[in-house]
Amino acid sequence: MRNALIQILLPVSVLFAGGLKSPAEFLGYELGDYFTYHHRVVSYYEHVADVASNVKIIPYGKTYEQRPLMVAVISSDENMTMLDDLRMDNLKRAGLIKGKASGKKVGIVWLSYNVHGNEASSTEAAMKTLHALADRKNKSIQKWLENTIVILDPCINPDGRDRYADWFRMTGNRWPDKDPLSREHMEPWPGGRTNHYYFDLNRDWAWQTQIESESRIALYNKWMPHVHVDFHEQGVNNPYYFAPAAEPFHEYITDWQRELQTMIGKNHAKYFDENNWLYFTKEIFDLLYPSYGDTYPTYNGAIGMTYEQAGHSRGGLAVETEDGDTLTLKDRLTHHHTTGLSTVEVASQNVDRIVAEFTKFFVEGKKKPQGEYNHYIIPKSNNIDKVNDLKEWLDKNGIEHRVASAGKSVKGFNYKIGKKEQVRLNKGDLVVSAKQPKSVLVQVLFEPRTALVDTLTYDLTAWSLPYVYGLDAFAIKGDVKSSTARHFTSKLKEISGSPYAYILPWKGIHDLKFLAYLFKNNIVVRVSYEPFEMGGVKYGRGTLVITRKGNERHGHSFDEIVRNSAQKFGRSLKAASTGLVSKGKDFGSSSMRVVKRPKVGLISGDGVGSYSFGEVWHFFERQIEFPVTVLGSDYFTRIPKHDFDVLILPGGSHSYLNKEFLNELRHWVRSGGRLIIMDSAMDKFVDQKGFGLKKFATDEEKKASEDKDKERNLTERLKPYKDRQRSGLSQNAYGSIVKVKMDNSHPLAFGYDDSYFSLKLRNRRYAYLPKGWNVGTIQDSTAIVSGFVGYKAQENFRESMVFGVEEIGRGEVVYLSNNPLFRAFWYNGKMLFGNAIFILGN
Ligand SMILES: [Zn+2]
């Protein structure tokens, strides 16, 4: 059957190959003359697939701005006739699906271009590389395809790329101006690096909070390539960077993964030497944080690599470099084209070894996990929504999970207290085993502490999932009897009749979504500021109470709206037939506050961190679906602030805020406004008149700190020059996890326990608010739970306010020094932010 197909296909492909156009023939200009719009790139890829029988397009989704996402798959004609069998065989060898691989062994190389939209040469290279692979005249390349499947994603981030490409076309001179000071080399806020919501997609591989990543990883998991390359660009004066990567390597990275990186690097070096191009290896780009385009594939068994060309948005079409040379877009795309093909070449030469080592990675991983623990247990006593959301996330990553089929008492590491102790495993608890094909990925993501070889890294050093989700969990060494996991459900009770009120405990993001939805339907909701008891059930602070009273205008449809909304969000409402509680305050009490539907303004633009802004924007639009008005920092000082109930200043320098305007903001707060100041935006308010935010609690404390700095600076004068990079580490707190003590009687912390695990990203400390509520606090450096914190930075973990509320007149200022919405993956922070928006100040 297959042979017959080939006989039919071959003459056709030979005939069509004549119709293959080069990118220049198709586009009407030489590659490098312009930045090609994304839709033209897609058209070119479709053209090649139309005329070359060995190229197939697989669409995999759409961006937020509705641009198509797709890959091209290319191999030999023979391989293309059995593409799906070859794909499945690969998954079977890894044990990711059942069955025995029976077909031939092929290598799978996946090349991802332009994840950072303004690193724009690589999508141009992607067209050149597809053409080279599809060109039948090139016999040596056709030979590689006999044992290799190449998957090309010409643009991971089309929205960001077109933001840059559009801007450049609008801004660039008629003839490229190579003067680095010209406007065409100075991209304005927010730049094209990120996607529509200003998320860095090269930090989102594991979390998949963005539509582009979620869609892509679904396809990635169907293929599980052996080699993955993420093409980037860096500063205009840097030589080309390719593998092998820099330390720290995560300790689970295998010798083979290191070895093949080096072989590929040597092959690139050969081509670069022939052309006298400069390059470097083993510096800067490390392999640790699991959500990059190199580490994520690496923890999924591939050889994952980052390649960096000089250019970036400073590159334009041509730019003068510091050695007096001119770097052109043509140079940039030629280098990326060269390394792309060179990668395929090395893969093809080593297919047998690649397939054998890839198989070994999964089989050995399953048999003998490398780390200290074999199983990660999430007790079913946790909030069910959180457990289900974690399960959904595990599914997205192809990680198996099961439930314990018997209970027992075992020794294990308790995440919450950070110690080993005797723990109780119960039947029905969620079990994530390290004894599965994706063993390495599981361990990297669940281990309580990241195993660091070296600390000079580029990003976070802690991300352990139980802390991310705020789950009680433990890790154990021994084995666990388990069975296939089901969905955890809390039974949705049918409520009939017309109750006096509906009740919903306040526990997490789904309750927040439900509240936002009720607002859209104009339902009046109350929130309980005190705990109460009713019908033998205890309700905590923050519980939503939806009384018939106040909702009369909905008439009979009131019950229908509330019940349908509960159904939509899977909320288990309780019905109350009376407003009289058995313990606590009755429904008519003043501690049952009406939740006002807030009009929210969010500041964007120059002076605002685009990531931080984007995280808040994404939270409103995509996570809770509640309207937010985006304001520009260039006109913010002129707007009528009284139109808003809540104003949010995301992280950033907020350089547009002068003293008079801070004073105006304070007046607005006094008259009932709520100002939410996040992250680095707080620095603008330290020691400012009318605001209680201070770096030091007292003058003595300030003096003692300055004296200490002075003393240390003296000793540091004698540090050797060679240690300059490393000594900077002592001041860093690279995304560590800290345990914050919470006052959960305050509305900002409603729904939380008395502690909250927070991601600490900056080495900055704020003293306790002298007049105000210190809702989340850190007492000392024992709060550090996981990740790297330099010894000087540790001194800042003393008596500090992390989350606080200062009441001014009828309004309040909310300080969130650790960003609870960071990269949208810190799941347990979302409700805290929701409290600040909806629950506070009622
Ligand atoms: Zn990049």
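Residues numbered from 1 in each chain as written. Predicted model: local features only at pLDDT ≥ 70, side-chain atom pairs only at ≥ 80, totals over all residues. Heavy atoms only, no water.

Asker: How would you explain the overall build of the protein chain if you had to name every residue and give the values?
Answerer: Each helix and strand counted, the protein chain has 24 helices and 36 strands in total. Taking 842 residues into account, the globule formula puts the C-alpha radius of gyration at 28 Å, and the protein chain, at 29 Å, falls close to it. In the protein chain, the proportion of contacts linking residues at least 24 apart, taken out of those at least 6 apart, comes to 78%. When the accessible surface of the protein chain is split by element, carbon and sulfur atoms take 50% of a total near 34,100 Å². Placing the 112 positive and 99 negative side-chain charges of the protein chain at their respective mean positions leaves the two points 6 Å apart. (Helix = DSSP H or I, 4+ residues; strand = E, 2+ residues; numbered from the N terminus. Rg over C-alpha atoms; globule rule 2.2 N^0.38 Å. Contact = heavy atoms within 4.5 Å. Areas by Shrake-Rupley, 256 points an atom, 1.4 Å probe, with all protein chains shown as cover. Lys, Arg positive; Asp, Glu negative; His and termini not counted. Charge placed at Lys NZ, Arg CZ, Asp CG, Glu CD.)

Asker: Quick rundown of the pairing of strand 24 (residues 544-547)? Include the residues and the values.
Answerer: What you see with strand 24 is no split at all: Leu544 and Ile546 on one side and Val545 and Thr547 on the other are buried throughout. Relative to strand 24, strand 20 (residues 501-504) runs antiparallel, the two being bridged by four bridges. Each bridged residue has a counterpart across the sheet, and for Ile503 the counterpart in strand 24 is Val545. In this sheet, strand 24 lies alongside strand 21 (residues 526-528) in antiparallel orientation, the contact comprising two bridges. (Buried < 20%, exposed > 50% of the residue type's maximum accessible area, 1.4 Å probe, protein only. Pairing = 2+ DSSP bridges.)

Asker: A description of helix 21 (residues 699-716) should follow, citing residues and the corresponding values.
Answerer: For helix 21, spanning 18 residues, the distance from its first C-alpha to its last is 26 Å, which sits close to the expected 26 Å at 1.5 Å a residue. Every buried residue belonging to helix 21 is among Glu701, Ser705 and Arg712, and all of these are buried. Seen from one end, helix 21 has its buried residues packed into an arc of 30 degrees, which puts them on one side. Turned more than 90 degrees from where helix 21 packs its buried face, Asp699, Glu700, Lys703, Lys710, Glu711 and Leu714 sit exposed. Where helix 21 is buried, its residues touch helix 23 (791-794). (Expected span 1.5 Å × (residues − 1). Arc of directions from axis to C-beta.)

Asker: Could you give an account of the packing of helix 10 (residues 255-274) against helix 13 (residues 351-367), with specific residues and numbers?
Answerer: Packed helix pairs are characterised by how far apart their axes lie and by the angle those axes make with each other. The interhelical angle for the contact between helix 10 and helix 13, taken along N-to-C directions, is 150 degrees, at an axis separation of 10 Å. With respect to their mutual orientation, helix 10 and helix 13 come out roughly antiparallel. Like other packed secondary-structure pairs, helix 10 and helix 13 cross with a definite hand, here left-handed. Residues Trp256, Gln257, Glu259 and Leu260 of helix 10 touch helix 13, and the partners they reach there are Arg353, Ile354, Glu357 and Phe361. Classifying every residue of the contact of helix 10 with helix 13 by side-chain character gives four nonpolar, one polar and three charged. (Axes fitted to C-alpha atoms, helices over the stretch in contact; angles between N-to-C directions. Parallel < 35°, antiparallel > 145°, perpendicular 65-115°, else oblique. Left-handed = near helix turned anticlockwise from the far one by under 90°. Nonpolar A, V, L, I, M, F, W, Y, C, P; charged D, E, K, R; others polar.)

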